[in-house]
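# Chains, contacts and geometry: an overview
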Amino acid sequence: PSLLAVIEAAFIDRKTEAGTDEHVEASHGRVVVQRAQVLPAHGLVDPVAWPKCTTIGRIDSYRVVGDKPASLEQRYCISSRDLTANELAQVARSPWATP
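The text that follows walks through the structure, step by step, so that each part is easy to find.

Thresholds, definitions, all that
- Residues numbered from 1 in each chain as written.
- Predicted model: local features only at pLDDT ≥ 70, side-chain atom pairs only at ≥ 80, totals over all residues.
- Heavy atoms only, no water.
- Helix = DSSP H or I, 4+ residues; strand = E, 2+ residues; numbered from the N terminus.
- Buried < 20%, exposed > 50% of the residue type's maximum accessible area, 1.4 Å probe, protein only.
- Contact = heavy atoms within 4.5 Å.
- Lys, Arg positive; Asp, Glu negative; His and termini not counted.
- Charge placed at Lys NZ, Arg CZ, Asp CG, Glu CD.
- Expected span 1.5 Å × (residues − 1).
- Arc of directions from axis to C-beta.
- Patch = residues over 30% accessible without salt bridge, like charges linked within 9 Å, V, L, I, M, F, W, Y side chains within 5 Å.
- Areas by Shrake-Rupley, 256 points an atom, 1.4 Å probe, with all protein chains shown as cover.
- Salt bridge = Lys/Arg side-chain N within 4 Å of Asp/Glu carboxyl O.
- Core = buried A, V, L, I, M, F, W, Y, C linked by side-chain atoms within 4.5 Å.
- Pairing = 2+ DSSP bridges.
- Axes fitted to C-alpha atoms, helices over the stretch in contact; angles between N-to-C directions.

## Looking at the overall build of the protein
Broken down by element type, the protein carries two helices and four strands. With the principal axes as the frame, the protein shows a C-alpha extent of 45 × 25 × 25 Å. Taking all 99 residues of the protein together, 29% fall into the buried category. Contacts spanning at least 24 positions in sequence make up 50% of the contacts within the protein whose residues lie at least 6 apart. Across the protein, the 11 positively charged side chains and the 12 negatively charged ones have centroids separated by 4 Å.

Listed below in structure tokens is the structure:
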């Protein structure tokens, strides 16, 4: 819970510093907008508790199906790789991919 709170706060506090990638997909009567954002973990994530963490990420998925109300899903992640926003977005769109 405390790691999640740190990551959520980081994306609020450092919104303009985050690398961002946005992807829009429209097919089969639905529209999905996915925005991936990354920040360096240095200075945010406790290196003792998470020694290999180099990147934190947030993925926002907005989904509209037909005339139903839009839904928003937010996912947060940590990575030992130095990911760009584009790389995080690609991993998020490929659930079986290896980050």
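## Here we look at helix α1 (residues 2-13)
A rise of 1.5 Å per residue sets the reference length of α1, with its 12 residues, at 16 Å; its end C-alpha atoms lie 16 Å apart and thus fit the reference within 8%. Where α1 is concerned, the buried positions are Leu-3, Ile-7, Ala-10 and Phe-11. Projection of α1 onto a plane perpendicular to its axis shows the buried side chains occupying an angular sector of 90 degrees, all on one side. With respect to the buried face of α1, the exposed residues turned more than 90 degrees away are Ser-2, Ile-12 and Asp-13. Buried-residue contacts for α1 involve β2 (30-40), β3 (55-65) and β4 (71-79).

## Regarding a nonpolar patch on the surface
Together, Val-24, Val-31 and Val-64 make up an exposed nonpolar region whose accessible area comes to about 200 Å². You can see Val-24 is positioned in strand β1 (residues 19-27).

## Some points on helix α2 (residues 85-93)
Every buried residue of α2 is accounted for by Ala-85, Leu-88, Ala-89 and Ala-92. The arc that holds every buried residue of α2, seen down its axis, measures 100 degrees, which confines them to one face. Buried residues along α2 sit in contact with β1, β2, β3 and β4.

## Here's the deal with the nonpolar core
Counting 11 residues, the largest nonpolar core consists of Leu-3, Ile-7, Ala-10, Phe-11, Ala-18, Leu-39, Ala-41, Leu-44, Val-45, Cys-53 and Ile-56. For this core, the element with the highest residue contribution is α1, accounting for four residues. If we skip the residues at most four places from it in the chain, Cys-53 touches Ala-41, Val-45, Ile-78, Ser-79 and Ser-80. With eight residues, the next largest nonpolar core counts Ala-36, Leu-83, Ala-85 and Leu-88 among its residues.

## A look at the sheet that holds β1
Reading across the sheet, the four strands line up as β1-β2-β3-β4 and stay open at both edges, with antiparallel pairing between neighbours. In this open sheet, the two edge strands, each paired with only one partner strand, are β1 and β4. Taking each pair of neighbouring strands and ignoring which way they run, the sheet shows an average axis angle of 15 degrees. Bridge analysis of β3 against β4 gives nine bridges, and the strand direction is antiparallel. Bridge pairing links Arg-58 to Tyr-76 in β4. Its contacts with the sheet place α1 against β2, β3 and β4, and it is angled at close to 110 degrees to β4.

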